[in-house]
Amino acid sequence: MTALVLSGGGARASYQVGVVRGVQEICKFKRNPFKIICGTSAGAINAAFLAGYAHDLNTGIHRLQNVWSCLEPSDVYKTSWFSVIWNTLRLGQSAAVSTKEPVALLDNCPLRLLLTEWLDFDAIYRNLDNGILNNLAVTAMDYSTGVSVSFYHGKKVAPWKRAHRKGKYAQITLDHIMASAAIPILFPPQRLNGNYFGDGALRQLHPLSSSVRLGATRLFVVGVSANDTVQEETHEIEPPTIAQMAGHLLNREFIDNLEADIELATKLNMLIEDYHCESTVRTSLEKIDIEVIAPSVEIDELALKYIHRQPRSVRTFFRLLGARGHGAGASFASYLMFDGDFCRELMDTGYRDAWDNAQKIKNFFEKKSTDALFFS
């Protein structure tokens, strides 16, 4: 059984749409080829959208492309001077005085309104009930316990519990998507069943785990970082800005955990293969096929081209936090660069990257799936 794993990354998640479009064209899929779709943070938004169009993949991809292409920052969070200043003051006040309502630097109420139009949950439920899709899973972190919770809907699978993570059956709603995409400090946490939840990438130590727990034996993973690129050291040593520190923290949660889990899975696959080659005793432990597509370009560099297009309040916000120049500062800005042209360039990049790996993608989907028990 094949799973699609979509990581988080704010506006970077638009890259995933281009990759899926490329896969659809390369393999000429009419229906969604993934029986399991797992999404985290902004990847949860894409996952829910694709789940709603599992019966008509081509239409779903083109509509998803259109909504990302027309995106503006004000569609995701309030960009007025009043809103930015007011939320900053409220956040500062909350450090001294407790508040009953969650606070954050940005007000993402527009995102909820947008997703109300974007996502068709009735279509998602129909596709799950009809067996076109086995499971949809979105991950969020429980602030009260620090546990990463994968909420899954569809085929009944026994809930699981591991160190700092667990799986819980639930009917996926807009609240689950909002919780998964609530980037800490930037967007307010979302309340679910009495507890407050935040971005699913927080403390998600094993991003591949939930898909395997749901029965996947083959994983198609779309990352949001050019992980093969080696950063050059700078000769100018300056104190890091808030944006640089925040950029590294976001990269740690959105990117590093996924890359580390992929590396671990690859090593385990090699060990399993070596064991089977040298032993006559067979076990239920089998390899998991993993195909990873990640950006071939530095997204941080692309983001620099579009900073000047952002609303003045947002540019000032970036400037005050030190989101300027290259490196982690630009990386921080890229997560909030909800600009149609920026997202369109990322989708084009994802589409090219898919076609550059066309043969690998064909080989992946042509392989016969095997039932397997893997690390989870």
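Procedures and definitions
- Once a new chain begins, its residue numbering starts again from 1 and follows that chain's sequence as written.
- Local features in this predicted model are restricted to residues of pLDDT 70 or higher, and side-chain atom pairs are both shown and tallied only at a pLDDT of 80 or more, whereas totals for entire chains, interfaces and linings draw on every residue.
- Where side-chain values are given, they derive from all heavy atoms of the structure, hydrogens and water being excluded.
- Helix and strand assignments follow DSSP, with helices taken as H or I runs no shorter than four residues and strands as E runs no shorter than two, numbered in order from the N terminus.
- Between two residues, a contact is recorded if the distance between any of their heavy atoms is within 4.5 Å.
- Here a polar contact is recorded for every N or O atom pair within 3.5 Å, except that within protein the pair must consist of a potential hydrogen donor and a potential acceptor, and residues adjacent in sequence are included only if both atoms are side-chain atoms.
- Counted as salt bridges are all cases of a side-chain nitrogen of Lys or Arg within 4 Å of a carboxyl oxygen of Asp or Glu.
- Burial here depends on accessible area, computed with a 1.4 Å probe over protein chains only, as a share of the maximum for the residue type. Under 20% is buried, over 50% is exposed, and the range in between is partly exposed.
- Two rings from Phe, Tyr or Trp (for Trp, the six-membered ring) form a pair when their centres are within 6.5 Å of each other. A pair whose planes differ by under 30 degrees is stacked, one over 60 is edge-to-face, and the rest are tilted.

Visitor: How should I be thinking about the environment of Gln24 in this particular structure?
Guide: Relative to the elements of secondary structure, Gln24 occurs in helix 1 (residues 14-27). In this structure Gln24 touches Phe29, Leu57, Asn58 and Ile61, once residues within four positions along its chain are discounted. A distance of 2.8 Å separates a polar atom in the side chain of Gln24 from the backbone oxygen of Phe29.

Visitor: Can you walk me through the pattern of salt bridges in this structure?
Guide: In a structure, side chains of opposite charge can pair up when their charged atoms sit close to one another. In the structure shown here, the tally under the stated rule is ten salt bridges. The shortest N-O distance in the salt bridge between Arg21 and Glu25 comes to 3.3 Å. Linking Arg21 with Glu25, this pair stays in helix 1, spanning four residues, or about one helical turn. On the basis of relative accessible area, Glu25 is assigned to the partly exposed category, the value being 26%. Asp107 serves as the salt-bridge partner of Lys78, at 3.4 Å between the closest nitrogen and oxygen. Remark: Asp107 occurs in the loop between helix 5 (81-94) and helix 6 (109-118) and Lys78 occurs in the loop between helix 4 (73-76) and helix 5; sequence separation between them is 29 residues. What you see here is one network of salt bridges that share partners, running through Arg309, Asp339, Asp341 and Arg344.

Visitor: Is there a simple way to think about the packing of aromatic side chains in this case?
Guide: What describes a pair of aromatic rings is the distance from one ring centre to the other and the angle between the planes of the rings. Under the defined criterion, the tally for this structure stands at 16 aromatic pairs. For the ring pair Phe34 and Phe365, a centre distance of 5.7 Å and an interplane angle of 65° mean the geometry is edge-to-face. With Phe34 in the loop between helix 1 and strand 2 (36-40) and Phe365 in helix 15 (residues 358-366), this residue pair connects regions lying 331 residues apart in the sequence. Judged by its relative accessible area of 2%, Phe34 falls in the buried class.

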